[in-house]
Amino acid sequence: RPSDANASPPPNPFAELDAYLPLPLTLSTIVTKQMVQRRQSLTIVFNRAVIPLGSNFAPVDSSKALQVHGVDPLLWQCQGQDRGATPPVPGRARWVTTSILRFDPNEDWATDLHCELSVNPELRTFDGTKLAPTTIKARFKTPALTMHLLTVESEAAQNATSGLWAARVGNQRVPECPPDAVVTLRFNAKVDASRLQGHLAIVDQAGVRRPVTIIPDAECAPCATLRVRLPEVEKYQEYQIQMPVGMEVNAFAGPTTKPLQAPVMGLRPFTIPWMSSKWMKLSQNNQRIWIPHGIPESTDLQKLRAALSFDPPIGPWTLSRVSPAVLNIHGDFQPNTEYRISVVADDTIRDGFGLPLLGNDVTKWSEPLQPFLSGPLDFTLFSPVQSSPDLQFLLRGRRPGPPEKYVPSCDALVLKAKPVTVSGVADALNTLYFGCQDSDRYFRDRSVVTVGPAPTADDVMHTITVPGERLYEPSGVYLQRETQVQGPWQERCRPHSYHHCRLFARASFGVSTVTAPGQVTVWVTALLTAQGLADAEVEVYEVPDDYRRSNRVVRRERATTDRTGLAVVATALTGRVQVVVTHSGQLSFTELYIPHPAVPGLIYGDLLTDRTLYRAGEEVHIKGYVQRYNADGVLQRLAEYPGAARLDLEVDFGSDSDRVVVPVAVDPTFGSFDGTVPIPSDVKYGHKSVSLRASGPRDHEYWHIDTASFTIADPRVPTGVLELSTPTRIYRPRDSAVPLRIVTKTYTGTVAKGTQVTLRWRVGEHSGESTVRVPEGTVEYPFRCADSIVRSAAEKRQDLSISVEWLTASRDLLRQSVTVRVAKSLWEGTLSVPAGAKDVLPGFPAKAELRLVIAKPTAVSPAKPPTVAMRVARHTSASDAEAYA
């Protein structure tokens, strides 16, 4: 029966009350500082009941619910000052049981606190037992305040570059700040802007401090982010935004113990070419150059072109403007070549902020040959920009050793090339795959072209030219062998023991292929007309993978394309093959891999678990069945297939040592089985999967059949229900807010009054957090973002994610979220491609559907729709084709 905790029964002289604080707080009287963060609770456990049973059922708002005989059980001391029974942060202390006392903060612990928590020595139990002489004390601290720069905004820079300005690109450590820069600082705790006004300053390298202007935000006070406007900073100079020591950033935080700073700099110098990390290599024919501050429309590009030079030269090239911040160089960059790009300073050429062009040198490698100019093997087509079909190879020699160790060198590169004829296809393929190291006989007749030896020991770039016009006759394909000559060795040069062979091709038709077990589909297209090419000869050569079994390439299949250019070749080959297409004396080579047929076995099954939620240490009981397809594709019982493979149940509980494999026995008549998988007692909570797999007759041969999922946790029914909803689908820059409806209820459906939730939001790189009070259990809350954030997100078509968290009285953390698209208009455009269109071959028509959804009300008449400009944003496959209005 509940008793009055404040009554004064006769003391018990023979017993003492003792208490301890479980980890992370220290038990010992030797003080050890522990870190307390976020909303971590503090718990004190006594060795006997302190309050009578039932007395902790008092109302939450009762000021006497915590006291025992009128004594507050906890005493606080922070920053060296006694606080009595008042905690350093708002929260609630309560008796969880008759012998356990816990303090729960309402919000995250404030930063830079150094506190001591002790049990009041005057505390007595409900029956009068006094506290033990050893006073329980535990010291703890909270994380120190941190500050870093989140974003830099500049309307002038965005206007000068048409939205392509970026503060950090090129220097991730120190962002750039134009004269009108507005900087967003992010802290690991909420800060009160009024406390920091006049204390935040920007400091130059000489130590001169100038205050910054804090931009107030009435909707976020206090807030974890702070927008400040910097005073004008000098170009090319670095600065630090600093917060001094001893700042108490909010009403509960302790004074900061170290200065906080974030580096910034003024305008960067105007240099070109300027490339981000994404453009580390030069494109083959067109190279984009990003100008960080843009370049005025009145700038003479010919004067800018005269300031640029390339080594090695790229021949005739042009410089054009793509946008205010992007220029394009069109020229003939050789593939896989290192270029030095030099810029001559010119004070008459100015960028968008009026800075003069500075001279610099940049070394960049060009990209490999573009994929559409390369074949399946090491085929290479000459660049369309080149005026000659001859192929050029760039070779850099090695630097000789020190003079005292230098010996005459005969290092060189020798190229031998031979045209491939229609009758010599087999010999060329055998040399390519198996005979390159012993190919002297193949490269010995009159048609062979020898180039070199070219010196490679002087550390300079050499150009080796191969006469392609001669070699491409008559079939358009030739085989080239590259031999490295090294020396001296025994006072003479000797060929290196390794040769490298490659095929080079130039044909007037293209070849597309589709492979499947037992079949190769070949489609031949004329490159000039994009039409199918009829009567092309298709030959399939087997390329053995096992050299010990065979080292000869053998022709196995032949076919001829129909009038549409298609040829379907039935074959029993698997693995690597070479498809050779011949038309009008021209050749084309394509290496393919034909997959093996599916291994006959247990290819259909189903798994069932007895339930979906388990605790650690329990067992998962599983039932299932398996079947096999016959030759006609009909499922049949397992009994009709003798010698079935072995079945295993496999579960990965998180590491190799926790991988459990359980063999199962299958009923031969019906194919059914059951099994039991034990769950380790120390398993981590989370989602797990049990897989059914069949093992084949060979080692490490198995195939997956089916998977069932389950969850490992310690379930408890939550005591509350949180609801979040919004009628808004699109958040436009001109909208005042996003209306949110937040409801907090108990698990019985009763509205929970007097609650508060934490609202977090994110859009792009911007985020924030605030507390929303729900006094009546339901609130209509208008969510607002800064206008600059909404405008930027609308330009990039980003999503606004909003989530709310509610920590119930029983410490259940409930979370709900909604997502709203940020856009300029309620109009929506979609581009859909039929599922079958992704397999259409080049040159064949395919249909796509464009659908435009117009919001109401609108002045647009359905009978006369407006002209709509569509831009395809991504079309890598039919499933993710998109378009935007």
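Calculation rules
Residues numbered from 1 in each chain as written. Predicted model: local features only at pLDDT ≥ 70, side-chain atom pairs only at ≥ 80, totals over all residues. Heavy atoms only, no water. Helix = DSSP H or I, 4+ residues; strand = E, 2+ residues; numbered from the N terminus. Contact = heavy atoms within 4.5 Å. Areas by Shrake-Rupley, 256 points an atom, 1.4 Å probe, with all protein chains shown as cover. Core = buried A, V, L, I, M, F, W, Y, C linked by side-chain atoms within 4.5 Å. Buried < 20%, exposed > 50% of the residue type's maximum accessible area, 1.4 Å probe, protein only. Disulfide = S-S within 2.5 Å. Arc of directions from axis to C-beta. Salt bridge = Lys/Arg side-chain N within 4 Å of Asp/Glu carboxyl O. Pairing = 2+ DSSP bridges. Axes fitted to C-alpha atoms, helices over the stretch in contact; angles between N-to-C directions. Phe/Tyr/Trp six-rings, centres within 6.5 Å; stacked < 30°, edge-to-face > 60°. pLDDT = per-residue confidence, 0-100.

**Q** Just to check I follow, could you spell out the overall build of the protein for this structure?
**A** Of regular secondary structure, the protein possesses six helices and 62 strands. Taking contacts inside the protein between residues at least 6 apart in sequence as the whole, the part at least 24 apart equals 67%. Roughly 47800 Å² of accessible area belongs to the protein as shown, and the carbon and sulfur atoms make up 51% of that amount.

**Q** Mind showing me how you'd approach the nonpolar core here?
**A** Most often, soluble globular proteins have nonpolar side chains that are buried together. Counting residues in each nonpolar core, the largest one holds 56 residues, and the members touching the most others are Leu196 and Leu200. Other than its neighbours up to four places away in sequence, Leu200 contacts Met147, Leu185, Pro211, Val212, Ile214, Leu226, Val228, Gln242 and Met243. Val738, Val757, Cys785 and Val790 belong to the second largest nonpolar core, which has 28 residues in total.

**Q** Whenever I open this one, the side chain of Asp648 confuses me. Can you help?
**A** Examined against the element boundaries, Asp648 turns out to sit in strand E46 (residues 646–652). Owing to a relative accessible area of 2%, Asp648 belongs among the buried residues under this scheme. If sequence neighbours within four positions are ignored, Asp648 has contacts with Val661, Val662, Pro663, Val664, Ser691, Leu692, Arg693 and Ser695.

**Q** I keep staring at the state of the cysteines and nothing clicks. Help me out?
**A** Put plainly, a disulfide is one covalent bond tying together the sulfur atoms of two cysteines. Enumeration over the complete set of coordinates arrives at two disulfides. One disulfide bridge connects Cys78 with Cys115, the sulfur atoms lying 2.1 Å from each other. The S-S bond linking Cys78 to Cys115 shows a torsion near 110°; that makes this disulfide right-handed. Of this pair, Cys78 sits in strand E5 (residues 74–78) while Cys115 is found in strand E9 (residues 114–119), placing the two residues 37 residues apart along the sequence. Cys436 shares a disulfide with Cys501; S-S distance 2.1 Å.

**Q** Explain helix H6 (residues 787–796) to me, please; I cannot follow it from the model alone.
**A** In an α-helix, one full turn covers 3.6 residues, which means residues spaced three or four apart are oriented alike. Restricting attention to buried positions, one finds in H6 the residues Ile789, Val790, Ala793 and Ala794. Along the long axis of H6, the arc covered by the buried residues comes to 130°, so they all point the same way. Exposed and facing more than 90 degrees away from the buried side of H6 are Asp787 and Lys796. With its phi angle positive at about 55°, Arg797 sits one or two positions after the end of H6.

**Q** It is not clear to me how helix H4 (residues 425–433) should be interpreted in this structure. Could you clarify?
**A** Most of H4 is tucked away, with seven of its nine residues classed as buried. For H4, every residue scored as buried is listed here: Val425, Ala428, Leu429, Asn430, Thr431, Leu432 and Tyr433.

**Q** Which parts of the structure should I look at to understand the pattern of salt bridges?
**A** Pairing is possible between side chains of opposite charge, provided their charged atoms come close. Under the criterion given, the structure shown has 26 salt bridges. The closest approach of N and O atoms between Glu539 and Arg555, which form a salt bridge, is 2.9 Å. Of this pair, Glu539 sits in strand E37 (residues 537–542) while Arg555 sits in strand E38 (residues 554–560); the two residues are 16 residues apart in sequence, bridging distant segments of the chain. We classify Glu539 as buried; its relative accessible area is 10%.

**Q** Before we go on, may I ask you to explain the sheet that holds strand E55 (residues 766–774) in this structure?
**A** Sheets are built from strands that pair by backbone hydrogen bonding, the pairs being arranged parallel or antiparallel. Taking strand neighbours across the sheet as the criterion, the five strands line up as E52-E58-E57-E54-E55 in an open arrangement whose pairing is mixed. Each of the sheet's edge strands pairs with one partner strand only, and the pair in question is strand E52 (730–731) and E55.

**Q** What is the right way to look at the pairing of strand E22 (residues 308–311) in this model?
**A** A regular strand places its side chains so that they alternate between the two faces of the sheet. Judged by which residues are buried, E22 turns out to be one-sided: Leu308 and Phe310 face inward and are buried, whereas Ser309 and Asp311, on the alternate face, are not. Alignment of E22 against strand E25 (residues 338–343), held across four bridges, turns out to be antiparallel. Paired with Asp311 across the bridge in E25 is Arg340.

**Q** Any chance you could explain the pairing of E9 here in plain terms?
**A** Counting buried positions along E9 gives five out of six residues, so the element sits mostly inside the fold. Where E5 lies against E9, five bridges are found, and the strand directions are antiparallel. Within E9, the residue paired with Leu75 across the bridge is Ser118.

**Q** Looking at this structure, I do not really get the sheet that holds strand E39 (residues 566–570). What am I missing?
**A** Ordered in space as E35-E36-E39, the three strands form an open sheet in which the pairing is antiparallel. What marks the edges here is a single partner per strand, and that holds for strand E35 (509–516) and E39. Across this sheet, the average inter-strand angle for adjacent strands is 20°, counted without regard to direction. Here five bridges tie strand E36 (residues 519–526) to E39, and the two strands are oriented antiparallel to one another. For Gln519, the partnering residue across the bridge sits in E39 and is Ala570.

**Q** When you look at the packing of aromatic side chains in this model, what are you seeing that I'm missing?
**A** Aromatic ring pairs: the centre-centre distance and the angle between the two ring planes describe each pair. Scanning all chains against the criterion turns up eight aromatic pairs. Ring centres of Trp109 and Phe140 lie 5.4 Å apart, and the angle between their planes is 70°; this geometry places the pair in the edge-to-face category. One end of the pair, Trp109, is in the loop between strand E8 (100–105) and E9; the other, Phe140, is in strand E11 (residues 137–141), and 31 residues separate them in sequence. For the pair Trp109 and Phe140, a shared accessibility class is recorded, and that class is buried.

**Q** Just checking my understanding: could you explain the environment of Ser447 for this structure?
**A** Along the chain, the position of Ser447 falls in the loop between H4 and strand E31 (449–455). The class for Ser447 is partly exposed, based on a relative accessible area of 30%. Distance in space between the C-alpha atoms of Ser447 and Lys418 is 6.0 Å, their sequence separation being 29 residues. With residues up to four places along the chain from it excluded, the contact list for Ser447 reads Ala417, Lys418, Pro419 and Leu471.

**Q** Looking at this model, I keep getting lost on the confidence of the model for the protein. Mind explaining?
**A** The predicted structure's coordinates, where accompanied by low pLDDT, should not be read in detail. Here the protein averages 77 in pLDDT, while 74% of its residues score no lower than 70. Segment residues 1–15: pLDDT under 50, and 29 contacts once partners within four positions in sequence are set aside and those in other chains are kept. Of the regions scoring below 50 in pLDDT, residues 370–387 engages in 41 contacts with residues more than four places distant in sequence or in other chains.

**Q** Just checking my understanding: could you explain the environment of Ile289 for this structure?
**A** Along the chain, Ile289 turns up in strand E21 (residues 286–290). Of the residues examined, Ile289 reaches a relative accessible area of 2% and is grouped as buried. Residues Ile289 and Ile272 lie 17 residues apart in sequence; the distance between their C-alpha atoms is 7.6 Å.

**Q** In this structure, what is going on with the environment of Glu537? I would like to understand it.
**A** Summarising the element assignment, Glu537 is placed in strand E37. It is 6.5 Å that separates the C-alpha atoms of Glu537 and His583, two residues lying 46 residues apart in sequence. Not counting the four nearest positions on each side in its chain, Glu537 is found in contact with Arg558, Ala559, Thr560, Val580, Val581 and Thr582.

**Q** How should unusual backbone geometry be read in this particular structure?
**A** Trans peptide bonds make up the majority, and among non-glycine residues the majority have a negative phi. Of note, the bond from Asp311 into Pro312 is cis; its omega dihedral lies within 30 degrees of zero at 5°. Mapping Pro312 onto the fold places it in the loop between E22 and strand E23 (318–323). Here the phi dihedral of Asp112 falls at roughly 60°; this positive angle occurs in a residue that is not glycine. The exposure class of Asp112 is buried, given its relative accessible area of 4%. One non-glycine residue, Asp535, lies in positive phi territory at about 65°.

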